Amino acid sequence: MQVSMYRLYKDMLTSYLRDKSETALYHAQQFSKQMMEQDMSPEETVSLHLSVFQELAEDLPEEVTDSFDLLLEVMIGYGLAYREHQSLRDRQQELESELNVAAQMQRTLLPDKQVDTEEIDFGVISVPAGKMSGDYYHYDEDSVGNFAVAVADVIGKGVPAAMSMSMIKYAMDTLTDKQTEPAGVLESLNRVVERNIDEDMFITMMYGVYYPESHQFHFASAGHEPGFFYRSAADTFESLEAKGLVLGVSPKVRYEERGFRLDPGDFVVFLSDGVTESRVDGEFIERDTVVSMIKERLHLSAQEIVNELFEELEKAQEFQLRDDFTLMILRRKF
Amino acid sequence: MQVQTHVDINSEWGIVAARQAGRKLAREVGFGSVDQARITTAISELARNIYLYADQGQIKIEEVAEGGKRGMKIIASDQGPGIKDLRRVMEDGFTTSGGLGAGLPGVKRLMDDFAIESELNQGTVITAVKWLR
Ligand SMILES: Nc1ncnc2c1ncn2[C@@H]1O[C@H](COP(=O)(O)OP(=O)(O)OP(=O)(O)O)[C@@H](O)[C@H]1O
Ligand SMILES: [Mg+2]
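Residues numbered from 1 in each chain as written. Chains lettered and ligands numbered in written order. Predicted model: local features only at pLDDT ≥ 70, side-chain atom pairs only at ≥ 80, totals over all residues. Heavy atoms only, no water.

Counting buried positions along helix α4 (residues 103-110) of chain B gives 6 out of 8 residues, so the element sits mostly inside the fold. If you check which residues of α4 of chain B are buried, you get Gly 103, Leu 104, Pro 105, Gly 106, Val 107 and Leu 110 of chain B. Packed against the buried residues of α4 of chain B are α4 (62-108) of chain A together with α2 (33-54), α3 (86-89), β4 (113-119) and β5 (123-131) of chain B. (Buried < 20%, exposed > 50% of the residue type's maximum accessible area, 1.4 Å probe, protein only. Helix = DSSP H or I, 4+ residues; strand = E, 2+ residues; numbered from the N terminus. Contact = heavy atoms within 4.5 Å.)

Shown next as structure tokens:
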């Protein structure tokens, strides 16, 4: 390797000293990439230059040769910084791929089965701002056909938030089939979270159940971003709000449960604050903006609506999400 | 016959003297100018650490031969406070100079073999070898 580098460098320098051409300089630029690929350090480059130069120009003044001692000494420091940079870059790639594995694992905690019932049109999208998400969502049909939906948001970002998210998932798994009333579910989850989570972390959550037999939808909220309820007959949107403290603050909390009837075409929207806190031109969008964006798409399926909203808001933010984004729609078909 | 030199480190003069002795021996052993500069930088960093953190100590340099290989060994020793968290100290980006590649990880990179022994309140011994190629 050294020999061929030496030859290459000598040819380049010879040609440059002869013609002073831009072409030779262009070759030098390409050569520098090759040197880095071969792990050649700055100090080796300086030394290569000197030895080639000594061969080409006979009788160099002693001062010129000596001055290279100083340059070499200084370049050792740059060489070390360069090496360190390489090793830190390798380390970063390692961390990155570890995070990718973790993110992959995290995705397996989320439900992914197709919802395909006669009565329900369902869609959800959840996109983390970073690799790991602090948002959690859930949907499930129980043995008698009741359909549960939930969106939770761990206050905090990154890996710690993502780790608490998995706790919510396991806590939900331990709920028995009998525990399906939204307020009761949040009360149980709150007990688990309160016992297991750091004091400075908490989780907001909205949980709802649709009972197809009675067409009732019930929900409760633990300090979560209010959702929306769309009434098809009146063509109006209402805010979905219910009183309740965020999960994990106090061991015994009661949650208000509210309910109403879903008529054909009616739907509910659950979301995380990553949706309403999307910033367009530096300003938070208003909840009204979300509403009007949905209104323009009433003819689409629930999944198409959430997908299109995400795409539009992502584009408006120049593809830089600041917060995890989760949006869910549950519509009664007919 | 193998050459061996000791330099006491208790001032910045000592650091320069250690560098000088190191460069001279490196040349005699047959290292090229790049490796001479590398070995000198390694000696410099080790001597500077002694001066800064242990007040005083010693740099010993010697020619080594092993299984047909020839090289040069640096032993930096002091009876200073010792290094608490060796693992952290050897991490890139930890030095007080803030990750410019120097410090102990730099010494390790500049040399071929590197070993460090440190006992709290007893002192530190760092051994580093560069082999001729
Ligand atoms: N001989 C020693 N005795 C006691 N502590 C030492 C000794 N050498 C190093 N240390 C400790 O290890 C740390 C790391 O040393 P290192 O030479 O890698 O970096 P630095 O001296 O902090 O910064 P730099 O050398 O990059 O200017 C030092 O900050 C010092 O606390
Ligand atoms: Mg140091």
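Our next topic: unusual backbone geometry. Positioned with a positive phi, Phe 319 of chain A is a non-glycine residue whose angle comes to about 65°. Position of Phe 319 of chain A among the secondary structure elements: in the loop between α9 (302-316) and β12 (325-332). The backbone of Asn 121 of chain B shows a phi angle near 60°, a positive value even though the residue is not glycine. Along the polypeptide, Asn 121 of chain B turns up in the loop between β4 and β5. In this structure Asn 121 of chain B comes out as exposed when scored by relative accessible area, which is 64%.

Moving on to the interface of chain B and chain A. Between chain B and chain A, the residue contacts involve 16 residues of the former and 14 residues of the latter. With both chains or domains summed, chain B and chain A bury close to 1200 Å², and 57% of this area falls on carbon and sulfur atoms. Per-residue buried area on chain B facing chain A is highest for Val 34, Arg 38 and Arg 109 of chain B; these three make up 38% of the total on that side. In this structure, the connection of chain B to chain A is made through 4 salt bridges. Arg 19 of chain B serves as the salt-bridge partner of Glu 73 of chain A, at 2.8 Å between the closest nitrogen and oxygen. Between chain B and chain A we count 6 residue pairs in polar contact (both at pLDDT 80 or more) in total. Put simply, the parts of the chain that give the side of chain B that touches chain A at least two residues each are α1 (12-29), α2 and α4 of chain B. Broken down by element, the side of chain B that touches chain A gets its largest block of residues, 5 residues, from α2 of chain B. Taken together, the residues of the side of chain B that touches chain A sort by class into 5 nonpolar, 6 polar and 5 charged. (Buried area = accessible area lost by both parts, 1.4 Å probe. Salt bridge = Lys/Arg side-chain N within 4 Å of Asp/Glu carboxyl O. Polar contact = N/O pair within 3.5 Å; in protein donor to acceptor, adjacent residues only side chain to side chain. Nonpolar A, V, L, I, M, F, W, Y, C, P; charged D, E, K, R; others polar.)

The next point concerns the domain arrangement of chain A. Each assigned domain of chain A is listed here: domain 1 (3-101) and domain 2 (111-332). The C-alpha centroid of domain 2 of chain A is placed 57 Å from the C-alpha centroid of domain 1 of chain A. (Domains from an automatic or database assignment.)

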